[in-house]
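Secondary and tertiary structure notes
Residues per chain, in single letters:
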Amino acid sequence: MHAASCNMTMAFPFYHPLALLSFVSLFSLLLITCSCSRQLRLHNVSHTLVLDSGWSLAGATWYGPSEGFGSDGGACGYQGAVGQPPLSSMVAAGSEALFNGGKGCGGCYEVKCIGNKACSGSPVTVVITDQSPEYGNDAVHFDLSGTAFGAMAISGKAHELRNAGVLKLHYRRVGCNYGGVNIHFHVDAGSNPYYFATVIQYENGDGDLSQVDLQEGPTKGTWLPMQHSWGATWKLNSGSPLRPPFSIRLKTLRTGKTLVAINVIPEGWQPGRTYQALVNFHASSVY
């Protein structure tokens, strides 16, 4: 009897034409609804992951004062210059993929945030001046100054964007352009006649360096290779007193261009002083 009752119950809807029609209509509606929601989800995933041509994906946070410059110089050693023109607080700490053991200091990037209604979608340019810890699963991460983070927002929405805290952004490498400012050499406070170290900043174009050489004395003899010390600092240890003035030759990391700042470090140079060259690399555009 139980089996027969089951058979009758299963057969009942198909016995009545109206019930059969209702069943088929309901089943079709369920299929359509399921298909639509699948398509919607796929559309959203595609919208999130598709990059603008020539751009890459990274994570972004911000640190320091909300309208400040992150930290005072950070791991690149630029000190208070990060808050002054031409950097003007538009700076970032980069994860190792960007920082590159300090050789990435001075690299310029366009960034624009995505996925938040306060994002303007317009790119802003930032310079790597510090090192960021690795963050979550981000292969590349920018820890921006509060100023730079807010600059990615729609006008009047900077505070709202900073409240988001963590964002995704699109980024791309660009040539640096310091608008007529030439290369600066800030002599390390520990320098002396046998040891010379300098922070190098404001290089147009690549913005970062692969090789630095020093030539001493007015007679201009052999080029002496300097060693990368840390951040944007390069150093030379000498077994005998170095004879100023010093000319310094720079080679860029990305494109291998070279430039010589002749007699940029004068006779009577002093530790802790900054000396400005009369030259700079060509201010190139997007790579």
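Just so it is clear, the structure is predicted and the values come from calculations on it, not from any experiment.

1. Points about the sheet that holds strand β6 (residues 167-174)
The strand order β1-β5-β2-β4-β3-β6 describes a closed barrel built from six strands, whose pairing is mixed. Across the sheet, the mean angle separating the axes of adjacent strands is 45° when strand polarity is ignored. As judged from the three bridges shared by strand β2 (residues 91-94) and strand β5 (residues 141-145), these two strands associate in the antiparallel manner. Residue pairing for β5: Ala92 is matched across the bridge by Leu144.

2. Section: the packing of aromatic side chains
Summed over all chains, the structure comprises eight aromatic pairs. Measuring from ring centre to ring centre gives 6.5 Å for Trp62 and Phe149, while their planes differ by 45°; the resulting arrangement is tilted. You can see Trp62 sitting in strand β1 (residues 56-63) and its partner Phe149 sitting in helix α4 (residues 146-151), a full 87 residues away along the chain. Taking relative accessible area as the criterion, Trp62 reaches 25% and is therefore assigned partly exposed. Seen from their ring centres, Phe196 and Phe246 are 5.2 Å apart, and the 70° between their planes marks the pair as edge-to-face. Remark: Phe246 occurs in strand β13 (residues 246-252) and Phe196 occurs in strand β8 (residues 195-201); sequence separation between them is 50 residues. Classification of Phe246 as buried rests on a relative accessible area of 0%.

3. Considerations on the environment of Lys257
Along the chain, Lys257 turns up in the loop between β13 and β14 (258-265). Taking C-alpha positions, Lys257 is 8.3 Å from Phe281, a pair spaced 24 residues apart along the chain.

4. Regarding the pattern of salt bridges
Applying the stated criterion across every chain, the model contains seven salt bridges. With a shortest N-O distance of 2.8 Å, Arg173 and Asp208 are connected by a salt bridge. Pair noted here: Arg173 is in strand β6 and Asp208 is in the loop between β8 and β9 (209-216), with a separation of 35 residues, a long-range link. Assessed through its relative accessible area of 13%, Arg173 is described here as buried. Accessibility expressed as a relative area gives 4% for Asp208, which makes it buried. Of the charged contacts, one joins Arg249 and Asp213 as a salt bridge, the two residues approaching to 3.1 Å between their closest N and O atoms. Of this pair, Arg249 sits in strand β13 while Asp213 sits in strand β9, placing them 36 residues apart in sequence.

5. Quick notes on the pairing of strand β3 (residues 108-114)
Successive side chains on a regular strand alternate, one facing one side of the sheet and the next facing the other. Counting buried residues along β3, six of its seven residues qualify, which places the element largely inside the surrounding structure. Pairing of β3 with strand β4 (residues 124-131) involves four bridges; the strand directions are antiparallel. If you follow Glu110 over to β4, its bridge partner there is Thr125.

6. Some thoughts on the pairing of β4
The buried fraction of β4 is high, at six of eight residues. Relative to β4, β2 is paired through four bridges, and the arrangement is parallel. The residue of β4 that forms the bridge with Val91 is Val127.

7. Thoughts on the confidence of the model for the protein chain
Any residue range with low pLDDT should be treated as having predicted coordinates unsuitable for detailed reading. Here the protein chain shows a mean pLDDT of 83. Residues at 70 or above account for 80%. Within the model, the stretch residues 1-50 combines pLDDT values under 50 with five contacts to residues more than four positions away or in other chains.

8. Notes on the sheet that holds β9
Across a sheet, strands are paired by hydrogen bonds formed along the backbone, either parallel or antiparallel in direction. The strand order across the open sheet built from four strands is β10-β9-β13-β14, with neighbouring strands paired in antiparallel fashion. One side of each edge strand has no neighbouring strand; the edge strands of this open sheet are β10 (224-225) and β14.

9. Here we look at the nonpolar core
Counting 24 residues, the largest nonpolar core has Val126, Phe142, Leu144, Met152, Leu161, Leu169 and Tyr171 as the members making the most contacts within it. The set of elements that each furnish at least two residues to this core consists of β1, β3, β4, β5, α4 and β6. Not counting the four nearest positions on each side in its chain, Met152 is found in contact with Val111, Lys112, Cys113, Ala118, Cys119, Ser120, Gly121, Val124, Leu144, Leu161, Leu167 and Leu169.

Rules of the game
Residues numbered from 1 in each chain as written. Predicted model: local features only at pLDDT ≥ 70, side-chain atom pairs only at ≥ 80, totals over all residues. Heavy atoms only, no water. Pairing = 2+ DSSP bridges. Helix = DSSP H or I, 4+ residues; strand = E, 2+ residues; numbered from the N terminus. Axes fitted to C-alpha atoms, helices over the stretch in contact; angles between N-to-C directions. Phe/Tyr/Trp six-rings, centres within 6.5 Å; stacked < 30°, edge-to-face > 60°. Buried < 20%, exposed > 50% of the residue type's maximum accessible area, 1.4 Å probe, protein only. Salt bridge = Lys/Arg side-chain N within 4 Å of Asp/Glu carboxyl O. pLDDT = per-residue confidence, 0-100. Contact = heavy atoms within 4.5 Å. Core = buried A, V, L, I, M, F, W, Y, C linked by side-chain atoms within 4.5 Å.

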